[in-house]
Amino acid sequence: MDLAAIADFNLVARHGGFGRAARESGRPKATLSRRVAELENSLQLRLFERGARKLKLTEEGMALYERTGALLSELDEAVLAISSGVAQPRGRLRVSAPLLFCQLAMGRLAAEFAIKHPDVQLEVTSDDQSVDMVDQGYDLVIRVNPAKDENLYGRPILRDRLVVVASRNLVRPAGNHSVPVVVRGAGKQPTVWELISGGVKSSIAVNPVLQLSSMIMVRDAVCAGAGAALLPVSLVNQDIKSGKLVCWGEAEAPEIALWALYPSRRLLNARVSAFLEHLKEAFPTGEPEELAAYIRPEATVC
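The model shown is predicted, which means the values in this text are computed figures rather than measured ones.

(A) Region of the structure containing the overall build of the protein chain. Looking only at helices and strands, the protein chain features 10 helices and 13 strands. Against the compact-globule benchmark of 19 Å for 302 residues, the protein chain has a radius of gyration of 25 Å, which places it well outside the compact range. Projected onto its principal axes, the C-alpha positions of the protein chain cover 75 × 45 × 30 Å. Within the span of the protein chain, comprising 302 residues, buried residues form 40% of the whole.

Right, dumping it as structure tokens:
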């Protein structure tokens, strides 16, 4: 098998066409086209569907790309490690993380990582949706309570809980009276919230008066007195400590877990290992109070 031809095939597949691959790599377009055609002939398989304006991987081409792309990446890293005499993290590291986590902590995390590992080009994208790590070229994905995926390995890095908070001026209603609340997202909302406080369960009737698209907007609206809200401990811990907000109890809901995920078929490279270690150093126990203190390092953790 011609390893150079497979590398050329991966180059074209990654950039989505011969022209773009040629421009990005400085290789002649005709050479790339010839090498891919030779690889197709040797395999007796069509790897690309060639349209008038678009190049698309066939099912066989996608399978080959997924299986060989990671191996070529590992081979490049092995050569770099041997040539430098040490497996020093270097090269591009692409990470996808939830929007709220990016807004609260990723700027500082990324800066500290860049200072610690200057040979790594870190690229972070905020996204709450699931992504195809291989197809979209991510090395590491951070997600909240991810669904089980046999193609991915992972480890929890942070845990969180939802609590009901309100401004000091908003009195929790008694009996069946409802309380104005601020909620995240649009659409139909529950009319009752189940709470636990001091081991005692209770419920409150709620009347959504504001529907906002981000947790940060919800917190700001609650601080301004618009109503109560269900928010993560990590986001409001310091506001509760300062007296700006009052906690009415913890929501009776499953724990929130933030996971770092990476492809199981890929050997854990030095860049990913270094970033995972960086997350572990930032959040050694993974408790929500740690994230709260990391967001506002001048405050003291409970």
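(B) Just unusual backbone geometry, in detail. The phi angle at Gln44 is positive, at roughly 55°, despite the residue not being glycine. Counting through the fold element by element, Gln44 comes out in the loop between helix H3 (29-43) and strand S1 (48-50). We classify Gln44 as exposed; its relative accessible area is 68%. Backbone geometry places Asn145, a non-glycine residue, at a positive phi of 40°.

(C) Main features of the pairing of strand S9 (residues 192-197). Here S9 runs beside strand S10 (residues 200-212); their pairing, made up of six bridges, is antiparallel. Looking at the pairing, Leu195 lines up with Ser202 of S10. Pairing between S9 and strand S12 (residues 245-251): two bridges, direction antiparallel. Of the residues in S12, the one forming a bridge with Ile196 is Glu250.

(D) How the structure looks around the sheet that holds strand S7 (residues 162-167). Taken in spatial order, the six strands of this open sheet run S8-S10-S9-S12-S7-S11, and their pairing is mixed. Sheet topology places strand S8 (178-184) and strand S11 (229-232) at the edges, where each strand pairs with a single neighbour. The mean inter-strand angle of the sheet, taken between neighbouring strand axes irrespective of direction, is 55°. Helix-sheet contacts for helix H7 (residues 215-223) involve S7, S8, S10, S11 and S12, and the interaxial angle to S11 is about 125°. Of the strands in this sheet, S7, S11 and S12 touch helix H8 (residues 233-242), which is tilted by about 105° from S11.

(E) The arrangement of the side chain of Arg35 in detail. Along the chain, the position of Arg35 falls in helix H3. Residue classification places Arg35 among the buried positions, given a relative accessible area of 15%. Beyond its immediate stretch of four places on either side in the chain, Arg35 contacts Asp2, Ala4, Ala5 and Asp8.

(F) Looking closely at helix H2 (residues 18-25). Along H2, the residues classified as buried are Phe18, Gly19, Ala21 and Ala22. Buried residues of H2 fall within an arc of 165° about the axis and therefore sit on the same side. Residues of H2 that are exposed and point more than 90 degrees away from the buried face comprise Arg23 and Glu24. Those residues of H2 hidden inside the fold are in contact with helix H1 (3-15), H3, S1 and strand S2 (55-57).

(G) Region of interest: the pattern of salt bridges. Tallied over the entire structure, the rule returns 14 salt bridges. Glu123 is paired through a salt bridge with Arg94; the nearest N and O atoms lie 3.0 Å apart. Here Glu123 is found in strand S4 (residues 120-126), whereas its partner Arg94 is found in strand S3 (residues 91-97), with 29 residues between them in sequence. Here Glu123 falls in the partly exposed class, since its relative accessible area comes to 30%. The exposure class assigned to Arg94 is buried, which follows from its relative accessible area of 13%. Where Glu252 meets Lys201, a salt bridge forms, and the shortest distance between an N and an O atom there is 3.0 Å.

(H) Structural view of the pairing of S12. Examined bridge by bridge, S7 and S12 share five bridges and lie antiparallel to one another. Each residue of the ladder has a partner; that of Val164, found in S12, is Gly249.

Calculation criteria
Residues numbered from 1 in each chain as written. Predicted model: local features only at pLDDT ≥ 70, side-chain atom pairs only at ≥ 80, totals over all residues. Heavy atoms only, no water. Helix = DSSP H or I, 4+ residues; strand = E, 2+ residues; numbered from the N terminus. Rg over C-alpha atoms; globule rule 2.2 N^0.38 Å. Buried < 20%, exposed > 50% of the residue type's maximum accessible area, 1.4 Å probe, protein only. Pairing = 2+ DSSP bridges. Axes fitted to C-alpha atoms, helices over the stretch in contact; angles between N-to-C directions. Contact = heavy atoms within 4.5 Å. Arc of directions from axis to C-beta. Salt bridge = Lys/Arg side-chain N within 4 Å of Asp/Glu carboxyl O.

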